[in-house]
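# Understanding the architecture of this molecule
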Amino acid sequence: MAQDREYAASTKRLDVLVRWPYTGPDGERRVQREAMELKVWRAGEDDPLSDGLTQLDRYLDRLTLPTRVLVVFDRRPEAPPWKERGGFEQATTPSGRHVTVLRV
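Residues numbered from 1 in each chain as written. Predicted model: local features only at pLDDT ≥ 70, side-chain atom pairs only at ≥ 80, totals over all residues. Heavy atoms only, no water.

Another aspect to go through is the overall build of the chain. Within the chain, the secondary structure is distributed over two helices and six strands. Each helix and strand of the chain, placed in order from N terminus to C terminus, yields the pattern β-β-β-α-β-α-β-β. Across the 104 residues in the chain, those meeting the buried criterion constitute 36%. Considering only contacts within the chain whose residues lie at least 6 apart along the sequence, 48% involve residues at least 24 apart. If you sum the accessible surface of the chain, you get close to 6,700 Å²; carbon and sulfur atoms cover 50% of it. (Helix = DSSP H or I, 4+ residues; strand = E, 2+ residues; numbered from the N terminus. Buried < 20%, exposed > 50% of the residue type's maximum accessible area, 1.4 Å probe, protein only. Contact = heavy atoms within 4.5 Å. Areas by Shrake-Rupley, 256 points an atom, 1.4 Å probe, with all protein chains shown as cover.)

Of the residues in the chain, 88% have a pLDDT of 70 or more, and the chain-wide mean is 86. Taken together, the stretch residues 5–10 has pLDDT below 50 and engages in 15 contacts with residues farther than four places along the chain or on a different chain. (pLDDT = per-residue confidence, 0-100.)

So, on to the pairing of strand β3 (residues 29–41). Relative to β3, strand β2 (residues 14–23) runs antiparallel, the two being bridged by eight bridges. What sits directly across from Trp20, in β3, is Gln32. The hairpin turn running from β2 into β3, its antiparallel successor, is five residues long, and Gly27 in that turn takes a positive phi close to 85 degrees. Each parallel crossover has a hand, and the one from β3 via helix α1 (residues 49–63) to strand β4 (residues 68–74) is right-handed. (Pairing = 2+ DSSP bridges. Right-handed = clockwise from strand over helix to strand, strands pointing away.)

Let us look at α1. Counted at 1.5 Å a residue, the expected span for α1 with its 15 residues is 21 Å, and the 21 Å between its end C-alpha atoms agrees. Within the sequence span of α1, burial applies to Leu49, Gly52, Leu53, Gln55, Leu56, Asp57, Tyr59, Leu60 and Leu63. Of the residues one or two after α1, Thr64 is the one with positive phi, at around 50 degrees. (Expected span 1.5 Å × (residues − 1).)

Another aspect to go through is the packing of aromatic side chains. All told, the structure shown has zero aromatic pairs when counted by the stated rule. Over the ring of Trp41 we find Arg76, and its NZ or CZ is 3.7 Å from the ring centre. (Phe/Tyr/Trp six-rings, centres within 6.5 Å; stacked < 30°, edge-to-face > 60°. Lys NZ or Arg CZ within 6 Å of the ring centre and 35° of its normal.)

Our focus in this paragraph is the side chain of Arg103. Looking at where Arg103 falls in the secondary structure, it is placed in strand β6 (residues 98–103). Looking at Arg103, its side chain comes within polar contact range of the side chain of Glu89, at 3.1 Å. The residues touching Arg103, leaving out its near neighbours within four places in the chain, are Trp41, Asp47, Leu49, Val72, Arg85, Gly86, Gly87 and Glu89. (Polar contact = N/O pair within 3.5 Å; in protein donor to acceptor, adjacent residues only side chain to side chain.)

On to the pairing of β4. Extensive coverage of β4 is indicated by the burial of five of its seven residues. Examined bridge by bridge, β3 and β4 share six bridges and lie parallel to one another. When the sheet's bridge partners are listed, Val40 is paired in β4 with Phe73. As defined by bridge partners, β4 adjoins β6 across five bridges and the pair is classed as parallel. In the sheet register, Arg68 faces β6, and the bridge partner there is Val99.

See below:
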């Protein structure tokens, strides 16, 4: 497995691109690619979900990937305790791609 951090997919940068080599059913070597954008929700700021989905959409266009992951770290003082706030949800980018959102 290889991992590219700060992958230059467009004018901004993608936080993590994971490349996972595997052998396809036809015996040919292939590489699965997974894009991950990381956002931090800080005190006094709005939920970064919308901005993250828009940004991730642009990366997915450049990388020709259909769907991927957005991670939102909630660093606000009023955020629920760590054990209560973690969880997965599904969201849709402005262009209609399905994204898994992990809130921690």
